[in-house]
Amino acid sequence: MKCDPALFRPAQPALAVKPRLIRQLLLPPLIILLMIGLGVAGFLISEGNGIRTLSETGERQLELHARTVESEISKYTYLPSLLELEDSVSSLLTRSDDAHRQAVNEYLEGLNRRSRSRAIFVLDTSGRVQATSNWRDADSFLGEDLSFRAYFQDAVRGEPGRFYGIGSTTGEAGYFLAHGLEEHGKIIGVAVIKVRLDTLEERWQRARLEAFVSDENGIIILSSDPARRLKSVRPLTPQTKERLARSLQYYWWPLNELQPLARETLADGVEKLTFPANSETDKGRHHEVAYLAQTRRLADTPWHFTLLTPLQDLRREAMVQGVLAGVAFALLAILLIAWNERRKVLATRLAAREALQEANSQLERKIAERTADLRASNDRLKGQIRERRHAEQTLRHAQDELVQAGKLAAIGQMSTSIAHELNQPLAALRTLSGNTVRFLERGALETASTNLRTMNALIDRMGRITASLRSFARRGDDRGQASLAKAVEASLQVLGSRIASCHLQLHSQFDDPQLAIDQTRLEQILVNLIGNALDAMATQPQPALWLEGEAQGDKYRLRVRDNGHGIDVETRKHLFEPFFTTKPGEHGLGLGLTLSASLAAAAKGTLNVEHPAAGGTAFVLALPLAARPPSDADERP
Ligand code: ADP
């Protein structure tokens, strides 16, 4: 099956390929860009969510640990005020004698031991240490002037003195809580307790907690990481720095600023800080560590507690999620591309199938049209065949009629000769019968019987003549077989009287083949041919007729030649035309040759004329040889 190529007309290549090529070239970088974008977005969203969750849990942690710090500090706040109740202390401060000093020293020593504080000491209003728990130690505060200390200055004014500093004598850091001791509404001295908050730091380290506490100056006083200790969380002005240096609060520490690599404020008290890596665990692995820093003010103090939550794990997770988002997008993109390609392939297939169906239906339509045409022309042909058959039948019928007419005409023609032929024996019979009667009357029986035998012979001859005429007049058919010898004999018999009257010389030289033609028809043809020859030789003093036969292939040729006047050139043209005759008056009908040729043709034979150089005319009758010898059924009476 051939498809109409017009149905598969391809798109213009220059127009179709270009955008497609551009699309294909642009698609991969676009997908990669989108993948990276989605990955980054995934990372940022995941990190943001993680920070939010972390800050929520961090909030609780912050609260918990800040409270711990608060309780650790507040646990000592009441202690200095307790010394107000102690009489020996007020006696020492009012009188300042050594006996009282010793008593207070011992009291303070015991109190310090029980409260697990670092030191407890009492100052007079000038800021000089009057008694101290560490009176036994070499670096005892006793007699030391601490008036420059801020906690003293606050306490002596009646305000609570809170102070984190490094001891000027011991160089040891500690938290100083000072309380102005009153007597009768007047400040007589200041009680100070120094506590160490190292336990907090140790506790944080044990819990792997990263946290620090910064004081009112923004200096980190407590830190889980020692490296951050005594650094300022905010920039200090040179004036502040100088003031702090002079107060010796932090001894001679340089108070450098704790400078993060990056700082991002997320909310009030919530920051994202990135520090350079410095702890042992981080070394060699990361160059920087990011923290979520949550800060809260500690109650009753101007201090702030800051909790640092590392963002490393969160970042790793966010990174994984970002990569996952990118990969998921890439997968989705690949799936979409594959789906699109599949859709295109299906669409192409569908279009091809539709085109094929269309071509098929067109073909079927054409076939149907052609079939209809063929059927119509077939019907026409059938009609024509019917008409031809009908015409053929009519023709054959007409031919039969013509043959019959020809025969009857021949009979008519021959009627004179027939009458003559029959009259002669009749006259002879009449004479013979008269004579026989007379011979019988005379008793000449011998002569009478001879006469009767002659009469018998004459009657036989007459019977033969009428029989041959009857057979000639009978209608024949196309099938059947004929004996040539019998036909020649019958023809000569029909024409017997004419032959006898002209003293014809007959030269017969033929076999007796069985020919595929009706016997009567063959006789009819021969009567015509021999009759014509006799006519042509009417004026010939020595008429001669040659009947020569020979087999040629599947046919048998019989040549009927006479030595008559021959046929002139003009006549030759019209020889086989019906009703063409050169014979005068009633002699010729012009049907003989026509009918003979028709009969020969009907038997698939031919009839031709030759004009021998020696003169006269020769008719050649060629007829097919019969396939089988005649059976009794074929014999006709
Ligand atoms: P018809 O015998 O009635 O004239 P035919 O068809 O038999 O009709 O013959 C047609 C003509 O052919 C004859 O009139 C005659 O001129 C010519 N013809 C036929 N046979 C011969 C022959 N053997 N010799 C010369 N002329 C012939």
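Residues numbered from 1 in each chain as written. Predicted model: local features only at pLDDT ≥ 70, side-chain atom pairs only at ≥ 80, totals over all residues. Heavy atoms only, no water.

Observations concerning the pairing of strand E10 (residues 288-297)
Logical step 1: Among the 10 residues that make up E10, 7 are buried, leaving the element largely enclosed by the rest of the structure.
Logical step 2: Where strand E9 (residues 270-276) and E10 come together, 7 bridges link them in antiparallel fashion. In the strand pairing of E10, Phe275 is matched with Val289.
Logical step 3: Inspection of the sheet shows E10 paired to strand E11 (residues 304-310) by 7 bridges, in the antiparallel sense. The residue of E11 that forms the bridge with Tyr291 is Pro310.
Logical step 4: The turn linking E10 back onto E11 is made up of 6 residues, and Asp300 within it adopts a positive phi angle of 65 degrees. (Buried < 20%, exposed > 50% of the residue type's maximum accessible area, 1.4 Å probe, protein only. Helix = DSSP H or I, 4+ residues; strand = E, 2+ residues; numbered from the N terminus. Pairing = 2+ DSSP bridges.)

A short note on the site of the ligand
Logical step 1: Asn532, Asp562, Thr581, Thr582 and Lys583 are the nearest of the 20 residues found near the ligand.
Logical step 2: Take Asn532: an N or O atom from its side chain is 2.7 Å from an oxygen atom of the ligand.
Logical step 3: Measuring from an oxygen atom of the ligand, one finds a side-chain N or O atom of Thr581 at 2.4 Å.
Logical step 4: About the coverage of the ligand: the protein hides 95% of its 530 Å² of free accessible area.
Logical step 5: Among the secondary structure elements, those contributing two or more residues to the shell around the ligand are helix H12 (519-536) and helix H14 (592-602).
Logical step 6: Looking at the shell around the ligand element by element, the count peaks at 3 residues for H12. (Near = heavy atom within 4 Å. Polar contact = N/O pair within 3.5 Å; in protein donor to acceptor, adjacent residues only side chain to side chain. Areas by Shrake-Rupley, 256 points an atom, 1.4 Å probe, with all protein chains shown as cover.)

Description of the packing of aromatic side chains
Logical step 1: What the rule picks out here adds up to 8 aromatic pairs.
Logical step 2: With centroids separated by 4.8 Å and ring planes inclined at 75 degrees, the aromatic side chains of Phe121 and Phe141 adopt a geometry described as edge-to-face. One end of the pair, Phe121, is in strand E1 (residues 119-124); the other, Phe141, is in the loop between strand E2 (129-132) and helix H5 (150-156), with 20 residues separating them in the sequence. For the pair shown, Phe121 and Phe141 are each scored as buried.
Logical step 3: Their ring planes at 65 degrees and their centres at 5.2 Å tell us that Tyr151 and Phe163 sit as a pair that is edge-to-face. Here Tyr151, found in helix H5, pairs with Phe163, found in strand E3 (residues 161-166); they are 12 residues apart in sequence, far enough to count as distant.
Logical step 4: Tyr151 sits in the buried class, given a relative accessible area of 1%. (Phe/Tyr/Trp six-rings, centres within 6.5 Å; stacked < 30°, edge-to-face > 60°.)

Topic: the pairing of E3
Looking along a regular strand, one sees side chains alternate from face to face of the sheet.
Logical step 1: Extensive coverage of E3 is indicated by the burial of 5 of its 6 residues.
Logical step 2: Sheet topology places E3 next to strand E4 (residues 173-183); 6 bridges connect them, and they run antiparallel. Note on E4: the bridge partner recorded for Phe163 is Phe176.
Logical step 3: Here E3 folds back onto E4 in antiparallel fashion, the turn holding 6 residues, of which Gly171 has a positive phi close to 70 degrees.

Considerations on the side chain of Thr617
Logical step 1: Here Thr617 lies in the loop between strand E17 (606-610) and strand E18 (618-624).
Logical step 2: The class of Thr617 is buried, set by a relative accessible area of 3%.

Comments concerning the packing of helix H10 (residues 484-494) against H12
Logical step 1: Look at H10 against H12: their axes get within 8 Å of each other, and the N-to-C directions meet at 50 degrees. In terms of axis orientation, H10 runs oblique to H12. Crossing geometry of H10 relative to H12 is assigned as right-handed. Across from Leu484, Lys486, Ala487, Val488, Ala490, Ser491, Leu492 and Val494 in H10, the residues of H12 making contact are Gln519, Leu522, Glu523, Leu526, Val527 and Ile530. (Axes fitted to C-alpha atoms, helices over the stretch in contact; angles between N-to-C directions. Parallel < 35°, antiparallel > 145°, perpendicular 65-115°, else oblique. Left-handed = near helix turned anticlockwise from the far one by under 90°. Contact = heavy atoms within 4.5 Å.)

A short note on unusual backbone geometry
Logical step 1: With phi around 60 degrees, Ser96 is a residue other than glycine that occupies positive phi space.
Logical step 2: In this fold, Ser96 is placed in the loop between helix H3 (87-95) and helix H4 (98-115).
Logical step 3: Using a relative accessible area of 35% as the deciding quantity, one classes Ser96 as partly exposed.
Logical step 4: Within the chain, Leu255 stands out as a residue other than glycine whose phi angle is a positive 55 degrees.
Logical step 5: Mapping Leu255 onto the fold places it in the loop between helix H7 (238-247) and strand E8 (262-267).

Thoughts on the sheet that holds E1
Logical step 1: Pairing is antiparallel across the open sheet formed by 5 strands, whose spatial order is E2-E1-E5-E4-E3. A strand with exactly one partner marks an edge of an open sheet, and here the two such strands are E2 and E3. Adjacent strand axes in the sheet meet at a mean angle of 25 degrees when their direction is disregarded.
Logical step 2: In this structure, E4 lies alongside strand E5 (residues 186-195), joined through 9 bridges in antiparallel fashion. Each bridged residue has a counterpart across the sheet, and for Glu182 the counterpart in E5 is Ile187.

Re the nonpolar core
Logical step 1: Membership of the largest hydrophobic core comes to 43 residues, with the highest contact counts inside it found for Val213, Trp303 and Phe305.
Logical step 2: Residues contacting Val213, with those up to four places away along its chain left out, are Val69, Trp204, Ile219, Ile220, Ile221, Leu222, Leu298, Trp303, His304 and Phe305.
Logical step 3: Within the second largest apolar cluster, 35 residues are counted, among which are Leu492, Leu547, Ile567 and Ala600. (Core = buried A, V, L, I, M, F, W, Y, C linked by side-chain atoms within 4.5 Å.)

Comments concerning the pattern of salt bridges
As a working rule, side chains carrying opposite charge can pair if their charged atoms are close by.
Logical step 1: Scanning the entire structure with this criterion turns up 30 salt bridges.
Logical step 2: Notably, a salt bridge pairs Arg557 with Glu550, separated by 3.6 Å at the nearest N-O pair.
Logical step 3: Judged by its relative accessible area of 42%, Glu550 is partly exposed.
Logical step 4: Taken together, the salt bridges that share partners define one network made up of Arg118, Glu172, Lys194, Arg196 and Asp198. (Salt bridge = Lys/Arg side-chain N within 4 Å of Asp/Glu carboxyl O.)

Points about H4
Residue pairs three or four apart in sequence face the same way in an α-helix, which turns once every 3.6 residues.
Logical step 1: Taking 1.5 Å per residue, 18 residues should reach 26 Å; H4 reaches 25 Å between its end C-alpha atoms and fits that length.
Logical step 2: Among the residues making up H4, those that are buried are Arg101, Val104, Asn105, Leu108, Glu109, Gly110, Leu111, Asn112 and Ser115.
Logical step 3: Residues of H4 that are buried make contact with helix H2 (78-82), H3, E1, E2 and E5.
Logical step 4: Just downstream of H4 lies Arg116, where phi reads positive at about 55 degrees. (Expected span 1.5 Å × (residues − 1).)

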